[in-house]
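Notes for the structure review
Next come the chains, spelled out residue by residue.
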Amino acid sequence: RVRDVYNNDGIIEGRVVSKVKGGLSVDIGLPAFLPGSQIDLHPIRNLDSLVGQVMDLKILKYNKKRNNIIISRRAILEGDRLKKKAKTLAIIEEGAVLEGTVKNITDYGLFVDLGGIDGLLHITDMSWGRVAHPSTMHKIGDEINVKVIHFDRERERVSLGLKQLKPDPWVDATDRFPVGTKITGKAVNLTDYGAFVEIEEGIEGLIHISEMSWTRKVKHPSQIVSVGDVVEAVVLN
């Protein structure tokens, strides 16, 4: 039966028996070796966690005389990924809104799996407001909706946006916050010359050090306010 599956390039089911040097020992009716590089599309650190699992496999090598069978799970996953990729490439275009899964997190953004093809959601396109680190907004495995900002079909590079799903808050800011409006916001940054206050996502205002007190000589904004404080202020300009 194993020989027939191998000759017909079929799929066989196997149960992981144990971790061995370089990979896993798998029972497919006969003992078979699953190399570490053939387990998944990405390296798996904890091979012990797979012991006892049942999985579909391809037979890469079959040698009855040497009692040697080499199998692969990655070959099946790659085939599935190519099918997903073809479907994604058929619908992907600039301006399209797609659902994806957060695959990796770096200091500069998120890599999102759109279905067989990955896109980069840069930290500057995650929010209209400040983002200290991409991990503060999402974690690996999160499903998110993203907008395709740029797509290079030849190089298969995709730039994604999250904030683009919402309108730019500055477009009608003058109507919503006219001069004289009393606002409440959170201090998000201090400089020598004043404090930046976030009024809403994407909109910050500067309280200049000269506008902090009528009576005190303020040498530094930290004498009046700390980062994280909720403050009241008035729009001057």
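The notes below deal with the structure included here.

Reading the values: the criteria
- Residues numbered from 1 in each chain as written.
- Predicted model: local features only at pLDDT ≥ 70, side-chain atom pairs only at ≥ 80, totals over all residues.
- Heavy atoms only, no water.
- Helix = DSSP H or I, 4+ residues; strand = E, 2+ residues; numbered from the N terminus.
- Buried < 20%, exposed > 50% of the residue type's maximum accessible area, 1.4 Å probe, protein only.
- Contact = heavy atoms within 4.5 Å.
- Areas by Shrake-Rupley, 256 points an atom, 1.4 Å probe, with all protein chains shown as cover.
- Pairing = 2+ DSSP bridges.
- Axes fitted to C-alpha atoms, helices over the stretch in contact; angles between N-to-C directions.
- Expected span 1.5 Å × (residues − 1).
- Salt bridge = Lys/Arg side-chain N within 4 Å of Asp/Glu carboxyl O.

1. Some points on the overall build of the chain
Along the chain, the regular secondary structure elements total three helices and 14 strands. When each of the 237 residues of the chain is scored for burial, the buried share is 35%. Put simply, of all contacts in the chain between residues at least 6 apart along the chain, 57% involve residues at least 24 apart. Accessible area for the chain stands at about 15000 Å²; split by element, carbon and sulfur atoms hold 50% of it.

2. Topic: unusual backbone geometry
Phi at N67 is positive, roughly 55°, even though this residue is not glycine. Relative to the helices and strands, N67 resides in the loop between β4 (54-63) and β5 (68-72). Judged by relative accessible area, N67 falls into the exposed class, the value being 59%. With phi around 55°, E156 is a residue other than glycine that occupies positive phi space.

3. With respect to the sheet that holds strand β10 (residues 157-161)
Ordered by their spatial adjacency, five strands build a closed barrel running β6-β7-β8-β10-β9, and the pairing between neighbours is mixed. The sheet shows a mean angle of 50° between the axes of neighbouring strands, taken without regard to direction. Relative to strand β7 (residues 109-113), strand β6 (residues 97-106) runs antiparallel, the two being bridged by five bridges. The residue bridging V102 from the neighbouring strand is V112, located in β7.

4. Regarding the environment of F33
In this structure, F33 sits in strand β3 (residues 31-35). Excluding residues that lie within four positions of it along the chain, F33 makes contacts with V20, K21, G22, G23, L24, I69, I70 and I71.

5. Some thoughts on helix α2 (residues 74-91)
Taking 1.5 Å of rise per residue, the 18 residues of α2 would be expected to cover 26 Å, and the 26 Å separating its terminal C-alpha atoms lies within 8% of that figure. Residues I76, T88 and L89 constitute the buried set of α2. Buried residues along α2 sit in contact with β4 and β9 (143-152).

6. What about the sheet that holds strand β14 (residues 230-234)?
Hydrogen bonds between backbone groups are what pair the strands of a sheet, and the pairing can be parallel or antiparallel. If you walk across this open sheet you meet the four strands as β13-β12-β11-β14, and the pairing is antiparallel. Pairing within the sheet leaves two strands with one partner each, and these edge strands are β13 (203-208) and β14. Neighbouring strand axes in the sheet, compared pairwise and without regard to direction, differ in orientation by 45° on average. The pairing of strand β11 (residues 182-191) with strand β12 (residues 194-200) spans five bridges and is classified as antiparallel. Bridge pairing in β12 places L190 opposite A195.

7. Looking at the pattern of salt bridges
Counted by the stated rule, this structure contains 13 salt bridges. With its nearest N and O atoms 3.5 Å apart, the salt bridge here joins R81 to D113. One end of the pair, R81, is in helix α2; the other, D113, is in strand β7, and 32 residues separate them in sequence. R81 gets classed as partly exposed once you look at its relative accessible area, which sits at 22%. Overall, the relative accessible area of 23% leaves D113 in the partly exposed class. Between K166 and E201 there is a salt bridge whose closest N-O contact spans 3.4 Å. Taken together, the residues span a long stretch of sequence, with K166 in the loop between β10 and α3 (173-176) and E201 in the loop between β12 and β13 at a distance of 35 residues. E201 sits in the partly exposed class, given a relative accessible area of 37%. Three or more residues are tied together by salt bridges with common partners; here these are R81, K103, D113 and D118.

Just geometry here; none of it tells us what the structure is for.
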